[in-house]
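Descriptive structure summary
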Amino acid sequence: MPLFQAKNIRAGYGDVVIVDGVSISVSANNLVAIVGPNGSGKSTLLKSLLGLARLFSGQVLYGDRDVTRIKSWQAVEVGLGYVPQVNNVFTNLTINENLEMGAYCRRDKAGIKSDLEETYQRFPELAARKKARAETLSGGERQLLAIARAMMAHPKMLLLDEPLAFLSPKASGVVLNRLLQIQAEGTSMLLVEQNTIKALQSASYGYILNQGRCVMEGKGQELLADESLRERFLGLGKEV
Amino acid sequence: MIDTGQILVNSLVTSSLYLLAGTGLTLTYGLSRFPNFAYAEFITIGAYCGLFFLAKPGGFFLLALVLGFLIAALVGASSYSLVFRPLVERKTSLIHLMVASIALGYVLRHSIGEGWGWATKSYQLMWPVYNIGHVRITLLWIILIATAVLAAVVLHFFLTRTRTGKAIRAIASNPDLASVTGINKQRVILLTWSFGAGLAAMAGVFRAADTRLSPMLGWDILLPIFAITMLGGIGSFYGLIVAALILGLAENFGVVLLSGIGLSTEYRMAIAFLILIGVLVIRPKGLAR
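Keep in mind that what you see is a predicted model, and the values were worked out from it rather than measured. (Residues numbered from 1 in each chain as written. Chains lettered and ligands numbered in written order. Predicted model: local features only at pLDDT ≥ 70, side-chain atom pairs only at ≥ 80, totals over all residues.)

For chain B, the count of helices and strands is twelve helices and two strands. Taken from the N to the C terminus, the helices and strands of chain B come in the order α-α-α-α-β-β-α-α-α-α-α-α-α-α. In summary, chain B has a C-alpha radius of gyration of 19 Å against a globular reference of 19 Å for 289 residues, a match within 12%. Projected onto its principal axes, the C-alpha positions of chain B cover 60 × 45 × 35 Å. Burial analysis of chain B (289 residues in total) assigns 48% to the buried set. Within chain B, contacts between residues at least 6 apart in sequence are counted, and of these 77% link residues at least 24 apart. (Helix = DSSP H or I, 4+ residues; strand = E, 2+ residues; numbered from the N terminus. Rg over C-alpha atoms; globule rule 2.2 N^0.38 Å. Buried ≥ 20, exposed ≤ 12 C-beta atoms within 10 Å, placed from the backbone. Contact = placed C-beta atoms within 7 Å.)

Another aspect to go through is the overall build of chain A. Helix and strand counts for chain A come out as ten helices and ten strands. Its C-alpha atoms give chain A a radius of gyration of 18 Å, near enough to 18 Å, the size a compact globule of 240 residues would have. Counting only C-alpha atoms and orienting by the principal axes, one finds that chain A spans roughly 50 × 40 × 35 Å. Per-residue burial for chain A yields a buried fraction of 48% across its 240 residues. Here the analysis covers contacts within chain A between residues at least 6 apart in sequence; of these, 66% occur between residues at least 24 apart.

Turning our attention to the pairing of strand β3 (residues 31-35) of chain A. Residues and elements named next belong to chain A. Within β3, five of the five residues are buried, which leaves the element mostly enclosed by the surrounding structure. Side chains L31, A33 and V35 project from β3 onto one buried face, and the interleaved V32 and I34 project onto a second face that is buried too. The sheet contact formed by β3 and strand β8 (residues 188-192) spans four bridges and is parallel. Its bridge partner lying in β8, A33 is registered against L191. Judged from the four bridges that link them, β3 and strand β9 (residues 205-210) form a sheet pairing that is parallel. Bridge pairing in β9 places I34 opposite Y207. (Pairing = 2+ DSSP bridges.)

A few words on the interface of chain A and chain B. Opposite the 22 residues of chain A that make contact, chain B presents 16 residues. Mapped onto the side of chain A that touches chain B, the elements with two or more residues apiece are α2 (75-78) and α3 (95-102) of chain A. No other element matches α3 of chain A, which puts four residues into the side of chain A that touches chain B.

Moving on to the nonpolar core. Burial of nonpolar side chains together is a common tendency in soluble globular proteins. Formed by 158 residues in total, the largest nonpolar core has its most connected members in L159 and L191 of chain A together with I43, A72, A200 and A201 of chain B. In terms of residues, this core owes the most to one element, helix α8 (residues 185-210) of chain B, which gives 13 residues. Sequence-distant contacts of A72 of chain B, defined by excluding residues within four places in its chain, comprise F42, I45, G46, A197, G198, A200 and A201 of chain B. (Core = buried A, V, L, I, M, F, W, Y, C linked by C-beta atoms within 7 Å.)

On to the sheet that holds β9 of chain A, then. All names here are of chain A. Spatially, the six strands line up as an open sheet ordered β6-β7-β8-β3-β9-β10, and their pairing is mixed. One side of each edge strand has no neighbouring strand; the edge strands of this open sheet are β6 (80-83) and β10 (213-218). Across the sheet, the mean angle from the axis of one strand to that of its neighbour is 15°, orientation sign disregarded. (Axes fitted to C-alpha atoms, helices over the stretch in contact; angles between N-to-C directions.)

This prediction gives chain B a mean pLDDT of 92; 98% of its residues lie at or above 70. We note a pTM of 0.88 for the whole complex and an ipTM of 0.87 for its interfaces. (pLDDT = per-residue confidence, 0-100.)

Residues and elements named next belong to chain B. Closest axis-to-axis distance for the helix α1 (residues 4-32)/α8 pair is 8 Å, and the angle between their directions is 160°. Between α1 and α8, the angle is such that the two are roughly antiparallel. Once α1 is placed against α8, the crossing between them reads as left-handed. Facing L17, L20, A21, T23, G24, L25, L27, T28, L31 and S32 of α1, the residues of α8 in contact are I189, T192, W193, F195, G196, A197, L199, A200, M202, A203, F206 and R207. (Parallel < 35°, antiparallel > 145°, perpendicular 65-115°, else oblique. Left-handed = near helix turned anticlockwise from the far one by under 90°.)

Residues and elements named next belong to chain B. Tracing the backbone through its elements, the reader meets I189 in helix α8. For the pair I189 and L74, spaced 115 residues apart in sequence, the C-alpha separation works out to 14 Å. Apart from the residues within four sequence positions on either side, I189 is in contact with L31, S32 and Y80.

Residue and element names in this part refer to chain A. Across five bridges, the pairing between β9 and β10 is antiparallel. When the sheet's bridge partners are listed, Y207 is paired in β10 with E217. Two successive antiparallel strands, β9 and β10, enclose a turn made up of two residues, where Q211 displays a positive phi of approximately 50°.

Right, let's talk about unusual backbone geometry for a bit. As a rule of thumb, non-glycine residues mostly have phi less than zero, and peptide bonds are mostly trans rather than cis. All names here are of chain A. The backbone of H154 shows a phi angle near 55°, a positive value even though the residue is not glycine. Note on placement: H154 falls in the loop between α6 (139-151) and β7 (157-161). Backbone geometry places F166, a non-glycine residue, at a positive phi of 65°. Positionally, F166 belongs in the loop between β7 and α7 (169-184).

Looking now at α7 of chain A. All names here are of chain A. The end-to-end C-alpha separation of α7 is 22 Å, in line with the 22 Å expected for 16 residues at 1.5 Å each. Buried within α7 are the following residues: S172, V175, L176 and L179. The arc that holds the buried residues of α7, viewed along the axis, is 100°, so those residues lie on one side. Turned more than 90 degrees off the buried face of α7, the exposed positions are K170, N177, Q181 and A184. Close packing links the buried residues of α7 with α6, β8 and α8 (196-202). (Expected span 1.5 Å × (residues − 1). Arc of directions from axis to C-beta.)

With that out of the way, let us pick up the environment of M151 of chain A. Residue and element names in this part refer to chain A. By secondary structure assignment, the location of M151 is in helix α6. Residue class for M151 comes out buried when judged on the 24 C-beta atoms lying within 10 Å of it. In this structure the C-alpha to C-alpha distance between M151 and L99, which are 52 residues apart in sequence, comes to 8.8 Å. In this structure M151 touches G81 and I182, once residues within four positions along its chain are discounted.

Here it is as structure tokens:
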């Protein structure tokens, strides 16, 4: 059974439908990517699964549990972690406080303390500036903090909204490597990404969205190799 | 001759009152993202709770403070739950929320007026006066300053050391992120509204004990409270402390200046108004941003 399924999702903002009839499935320990051009509804789809955008119809399952229209603050308790594209840190809190907020739903003080130490070992960029406000971090550092913050809740699955957007090639390489490391350690991922090549190269499975609908799905490498898709939806041109 | 020492003490008293009164407004404004004009009535409710409890034989001032806090906290929580939360959940606009708060304030103010009458009243308490050199200070003022300092210290530790305190700052910083982090925003906001209304009520008890009380008590000091909220930066408790000190000094030195140029001290409220306009023009996000 898949770890996470979204069936026939119709979502948007206000009365405007942006995503129409999209279904996705994520198996345990897999990285699944959703790619597509700007405005295709990728981020809206992700937000609707967590109660941050309006879900008109559809069903969301986590294992065999129906989590459709779950309140956004309950998603963490279910096992879903979310890393937004922008505004992904608490700017007026210190780095340490951001991480503590990631563990808000936990009560095991000793466990939180040891996880903080482990996080600082894993993310040495953050360790050096524990007491600095998050607003002082660069874009790449903020993204790392956002991922580390989400991981403090021990999610079974991470939903990531364009984690590589606006990052330099070097910073996006660092972020992607950390994500792949986390995935290899057993956290499933649903990755929405504008950087199509990197996303599909890393993903075991991918969905291509265009104008709110899923136009193709398949294994990441196979999607990348499909020349008609590359030209029509991914803006990549022919492979050389 | 200007007695600087006395003016500084008076300033500290004014600042302490504004700090107690403004804490709840800035915190709830930061979390709920709209200015609650009914906040004035939380202050007035405190003043009248004081009148109710202190009128009884054996009425005890500190008990009046505590009971005023609790009753206003209940009114604050009810106001949020019954009026504002349903409106927020319906995605009501800022202007609708503001109008709702003005209407709620009107209802509360007139309920107090109908219940206790519109005439000015007094607690009829006599406070010991101490003279330190040329400086005169009452026991009430000492209790007020001590309460404000204690509230500031407690709140500092609450906001920086406790899980709920950090959650309040997190929601003020980024409400959507706070939600997906697992923070039950509504529970934290409700708690903040209760606590803020309670502190406002304590300010009301002090204000009434120091001067007199009428159903307009809270409304009359709403302008300076909004001025320090804007000056400190909406949602910033530390900015509020600095802003309360600035306005306290500006008002008390300003009164001396007004007298010096032959104007009535009734114009002291104009100082808060000038600061409010100045902040909006020069530094709209306040000192803390």
